[in-house]
Amino acid sequence: MLGICRGRRKFLAASLTLLCIPALTWIYLFAGSLEDGKPVSLSPLESQAHSPRYTASSQRERESLEVRVREVEEENRALRRQLSLAQGQSPAHRRGNHSKTYSMEEGTGDSENQRAGIVAGNSSECGQQPAVEKCETIHVAIVCAGYNASRDVVTLVKSVLFHRRNPLHFHLIADSIAEQILATLFQTWMVPAVRVDFYNADELKSEVSWIPNKHYSGIYGLMKLVLTKTLPANLERVIVLDTDITFATDIAELWAVFHKFKGQQVLGLVENQSDWYLGNLWKNHRPWPALGRGYNTGVILLLLDKLRKMKWEQMWRLTAERELMGMLSTSLADQDIFNAVIKQNPFLVYQLPCFWNVQLSDHTRSEQCYRDVSDLKVIHWNSPKKLRVKNKHVEFFRNLYLTFLEYDGNLLRRELFGCPSETDVNSENLQKQLSELDEDDLCYEFRRERFTVHRTHLYFLHYEFEPSADHTDVTLVAQLSMDRLQMLEAICKHWEGPISLALYLSDAEAQQFLRYAQGSEVLMSRQNVGYHIVYKEGQFYPVNFLRNVAMKHISTPYMFLSDIDFLPMYGLYEYLRYHVWTKGHAPTNFAKWRTATTPYQVEWEADFEPYVVVRRDCPEYDRRFVGFGWNKVAHIMELDAQEYEFTVLPNAYMIHMPHAPSFDITKFRSNKQYRVCLKTLKEEFQQDMSRRYGFAALKYLTAENNS
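Residues numbered from 1 in each chain as written. Predicted model: local features only at pLDDT ≥ 70, side-chain atom pairs only at ≥ 80, totals over all residues. Heavy atoms only, no water.

Asker: Honestly, the sheet that holds strand 17 (residues 358-359) in this entry has me stumped. Any pointers?
Answerer: Through backbone hydrogen bonds, the strands of a sheet pair up, either in parallel or in antiparallel fashion. Read from one edge to the other, the open sheet built from three strands follows the order 13-18-17, with strand pairing classed as mixed. This sheet does not close on itself; its edge strands, each paired only once, are strand 13 (245-247) and strand 17. On the sheet, helix 10 (residues 394-405) packs against strand 13 and strand 18 (378-380) and is oriented at approximately 85° with respect to strand 13. (Pairing = 2+ DSSP bridges. Helix = DSSP H or I, 4+ residues; strand = E, 2+ residues; numbered from the N terminus. Contact = heavy atoms within 4.5 Å. Axes fitted to C-alpha atoms, helices over the stretch in contact; angles between N-to-C directions.)

Asker: Would you mind showing me how to read the packing of helix 19 (residues 631-641) against helix 21 (residues 672-693) here?
Answerer: A pair of packed helices is captured by two measures, namely the crossing angle of their axes and the spacing between those axes. Contact geometry for helix 19 and helix 21: axes closest at 11 Å, N-to-C directions at 15°. Of the possible angle classes, the one that applies to helix 19 and helix 21 is roughly parallel. Pair helix 19 / helix 21 crosses with right-handed handedness. Every residue of helix 21 that contacts helix 19 at Ala634, Met637, Glu638 and Ala641 is listed here: Phe685, Gln686, Met689, Arg692 and Tyr693. A breakdown of the residues in the contact of helix 19 with helix 21 according to their chemical character gives six nonpolar, one polar and two charged. (Parallel < 35°, antiparallel > 145°, perpendicular 65-115°, else oblique. Left-handed = near helix turned anticlockwise from the far one by under 90°. Nonpolar A, V, L, I, M, F, W, Y, C, P; charged D, E, K, R; others polar.)

Asker: Mind showing me how you'd approach the nonpolar core here?
Answerer: As a rule of thumb, soluble globular proteins bury nonpolar side chains together. Core analysis: the largest hydrophobic core is formed by 103 residues, its most contacted members being Ile173, Phe247 and Trp316. Of the residues forming this core, the biggest block, eight residues, is contributed by helix 2 (residues 146-163). Leave out the neighbours within four places in its chain, and Trp316 touches Glu207, Val208, Trp210, Ile211, Leu225, Val226, Ile337 and Val341. Counting residues in hydrophobic clusters, the runner-up holds 50 residues, among them Cys443, Phe540, Phe646 and Phe685. (Core = buried A, V, L, I, M, F, W, Y, C linked by side-chain atoms within 4.5 Å. Buried < 20%, exposed > 50% of the residue type's maximum accessible area, 1.4 Å probe, protein only.)

Asker: What am I meant to see in the packing of helix 2 against helix 10 here?
Answerer: Where helix 2 meets helix 10, the closest approach of the two axes is 8 Å, and the angle between their N-to-C directions is 90°. Relative to helix 10, the element helix 2 is oriented roughly perpendicular. Residues Thr155, Lys158, Ser159, Phe162 and His163 of helix 2 pack against Tyr401, Phe404 and Leu405 of helix 10. Tallied by class, residues from the contact of helix 2 with helix 10 come to four nonpolar, three polar and one charged.

Asker: Please clarify how unusual backbone geometry should be interpreted in this entry.
Answerer: Note: most peptide bonds trans; most residues except glycine with negative phi. In this model, Met190 sits at a positive phi of 55°, which is unusual for a non-glycine residue. Residue placement: Met190 occurs in the loop between helix 3 (176-189) and strand 11 (194-200).

Asker: Would you take a moment to explain the side chain of Ser481 for this structure?
Answerer: As for its placement among the helices and strands, Ser481 is situated in strand 20 (residues 474-481). On the accessibility criterion, Ser481 (17% relative accessible area) is buried. Engagement of the side chain of Ser481 in a polar contact is seen with the side chain of Asp483, the distance being 2.5 Å. When residues no more than four places from it in sequence are discounted, the contact partners of Ser481 are Tyr504, Leu505 and Tyr541. (Polar contact = N/O pair within 3.5 Å; in protein donor to acceptor, adjacent residues only side chain to side chain.)

Asker: Where do I start with the packing of aromatic side chains in this structure?
Answerer: Here the distance between the centres and the angle between the planes together describe a pair of aromatic rings. Here the structure, examined in full by the defined rule, presents 19 aromatic pairs. Through pairs of rings, three or more aromatic residues link up here, namely Trp255, Phe258, Phe261 and Tyr350. Over the face of the ring belonging to Phe460 we find Arg151, whose NZ or CZ atom lies 5.7 Å from the ring centre. For the cation-ring pair, Arg455 lies above Trp189, with the distance from its terminal atom to the ring centre recorded as 5.6 Å. (Phe/Tyr/Trp six-rings, centres within 6.5 Å; stacked < 30°, edge-to-face > 60°. Lys NZ or Arg CZ within 6 Å of the ring centre and 35° of its normal.)

Asker: What is the right way to look at the pattern of salt bridges in this model?
Answerer: Oppositely charged side chains can pair when the atoms bearing their charge come close. Counted according to the given criterion, the structure contains 21 salt bridges. The shortest N-O distance in the salt bridge between Glu207 and Arg317 comes to 2.6 Å. With Glu207 in helix 4 (residues 205-208) and Arg317 in helix 8 (residues 312-327), this pair connects stretches of sequence that are 110 residues apart. Judged by relative accessible area, which is 22%, Arg317 ranks as partly exposed. Note that Glu406 and Arg515 form a salt bridge whose closest N and O atoms lie 3.8 Å from each other. On the criterion of sequence distance, the pair formed by Glu406 in the loop between helix 10 and helix 11 (425-435) and Arg515 in helix 14 (residues 507-518) is long-range, its members being 109 residues apart. Each member of the pair, Glu406 together with Arg515, is buried. Through salt bridges with shared partners, a single network forms among Lys158, Asp408, Arg455 and Asp507. (Salt bridge = Lys/Arg side-chain N within 4 Å of Asp/Glu carboxyl O.)

Asker: Help me understand the sheet that holds strand 11, please; the structure alone is not making it clear to me.
Answerer: Taken together, seven strands build an open sheet; the order of strands is 11-10-9-12-15-14-16 and the sheet is mixed. The open sheet has two edge strands with one neighbour each: strand 11 and strand 16 (349-352). Between one strand and the next, the sheet's axes are offset by a mean angle of 25°, whatever the strand orientation. The pairing of strand 9 (residues 138-144) with strand 10 (residues 168-174) spans seven bridges and is parallel. Bridge assignment links Ile142 to a residue of strand 10, and that residue is Leu172.

Asker: For this particular structure, what's the right way to read the state of the cysteines?
Answerer: Two cysteines whose sulfur atoms are joined by a covalent bond form what is called a disulfide. Taken as a whole and assessed by the stated rule, the structure comprises two disulfides. Here Cys135 pairs with Cys419 through a disulfide, and the sulfurs are 2.1 Å apart. In this structure, the disulfide formed by Cys135 and Cys419 twists by about -95° around the S-S bond and is classed as left-handed. You can see Cys135 sitting in the loop between strand 8 (132-133) and strand 9 and its partner Cys419 sitting in the loop between helix 10 and helix 11, a full 284 residues away along the chain. When its relative accessible area of 33% is taken as the criterion, Cys135 is described as partly exposed. Here Cys443 engages in a disulfide with Cys677; their sulfurs sit 2.1 Å apart. On the sign convention where negative means left-handed, the S-S torsion of about -95° between Cys443 and Cys677 marks this disulfide as left-handed. One end of the pair, Cys443, is in the loop between helix 11 and helix 12 (444-449); the other, Cys677, is in helix 21, with 234 residues separating them in the sequence. The class of Cys677 is buried, set by a relative accessible area of 0%. (Disulfide = S-S within 2.5 Å.)

Asker: Even after reading the chapter, I still don't get the environment of Val522, so can you show me in this structure?
Answerer: Here Val522 shows up in helix 15 (residues 521-524). With 29 residues separating them in the primary sequence, Val522 and Lys493 have C-alpha atoms 7.6 Å apart. Excluding residues within four positions of it along the chain, Val522 makes contact with Glu489, Cys492 and Lys493.

Asker: Looking at this model, I keep getting lost on the environment of Val543. Mind explaining?
Answerer: Note that Val543 resides in helix 16 (residues 543-552). As for Val543 and Tyr621, which are separated by 78 residues in sequence, their C-alpha atoms are 9.1 Å apart. Ignoring sequence-local partners within four residues, the contact set of Val543 consists of Gln479, Phe625, Val626, Gly627 and Asn631.

Asker: What am I meant to see in the side chain of Thr475 here?
Answerer: As for its position among the elements, Thr475 is in strand 20. In this structure the side chain of Thr475 is engaged in a polar contact, spanning 2.7 Å, whose partner is the side chain of Thr556. Aside from chain neighbours lying at most four places away, what touches Thr475 is Trp495, Pro498, Ile499, Ser500, Ile554, Thr556, Tyr558, Met559 and Phe560.

Take a look at the structure:
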């Protein structure tokens, strides 16, 4: 074990010896002060078991899938072009102001069709669509809770962003988990003309917790009922969406439908496309009261200002209380209560054409909603089985969904033509820093990489872990890309404690990882592994940025800084937890380690890069180092500069798992300019160290010159 003292402030560190194959290396464990720290085919349509090995066959399947994605996306683009031409030939005319946009829509309005069954096709009379201002902001509300729903929201948002031509304001009613995930995602996505606000779903539970609900969405499935009270009082209208929605058109077309509301119409809804509310699905089926087939609440247009004036809160509460006396609980969450209110007050509804919510659950008759799939505007996967539903056009729907599931989200960071974005301080600072770089510098690409903002999706899979009360817990921290994926199972078998992993993947690779994990008994049996997806961007592997992401999201007082290709010895987690160190960690003497029975101290040396356990408040890795070279060396140097002491742990080691050379080390070996730039960055880092740590940092320059 390796102990570290820092002047008058005590820091503990322990280092383990690492057994390498074929070479020997060491692990170092750094612990801070002992005082308590602050807690700080490969189709995606079905989960299939996969081999834990990333074989050549799976690589070919992945490439085949990527080709398929591109083909489907091109088909959909062609389809949209055809729709656009068809609309251009319709009898629509622009009126006056050229800053407005128009679209054609077929709708049933408030006619007797509201009480009719599903109309075959979209056969109602075409009319001119009211205008949506060119830069008018469209407001969208979504209730989202938990890890899985957070992933679903990303696909929904991609489909909206892909088609949109207007600024968007998302209002996310989220629990603490979804807010942490989505706040980080949107902050790092940096999409122009998009604003996101969060509303604490946990604080709203008391508003609806009195309603017994059997729906799989749980209590969060009732929260659309309280949007008039939750959303800002000055917000007049909003589109409300379920997380399992995919858009096939510009959401502005749906926003324009608000102009068609008349009289006391305050709810825009599509008729339910199943027989649920007719009560004939099975014997003794007793649904909540509804008007005819009822309405589906996966897509809702809400006129908030009018609803508030109508005292919507009192209206739905009184209705729910009355019906619960006989029904005892809801089966379809908020949808049952919305329909019960509408049954008593049919004048509230403007019936949307069914192509605004094509419902794909097991018992729907969605095929009667359209003549051709090109008519569709919104697809709703409202079945617990999601993409495994039965429909004669389901393959088309799946392909459309797959397009957005694996679409490169970085491509959606485009500016809206003629619609200036709101001032963003972070974006302005980033642009300023980039403008100060010299593009003629031969190392410009290296320097620019430091300022790349990587879109980041935290906790891609379910995570659950509570650190022990004795403040000795340790989290293993590592990073990886797709070519190291097969090493995950072995590490999980060797390290039973919590793990924090940053994965550098494309959008398509993230879905391959999801299928791999869901098909692995080893990975699915663990809920204490945090998988954080950092999406690919730029030409270098951002190794230190990945390490920093993984380090930031641990809940234990200590962390074991490792690499994905090092396999801990069995029992290492328990060994580290139950050791108490009076001092910290650093370099090692293997001959001494072989016979040592107690921890011993070592001194820092040039190019030293041990694997260490440290307190969670240790310095971050320096982001200037990307790809291969000096990424860990610089971190250990800074620990030493902060006067950590290094202690080697006896009876503790790791094994290096052989693997093919990485792409970055190949570039380092073959590209002279790569090596020149790395040397330049090393020198600049050492100069920064001298400025930060003064005379104490001179030894690093001396050691470098002598090495």
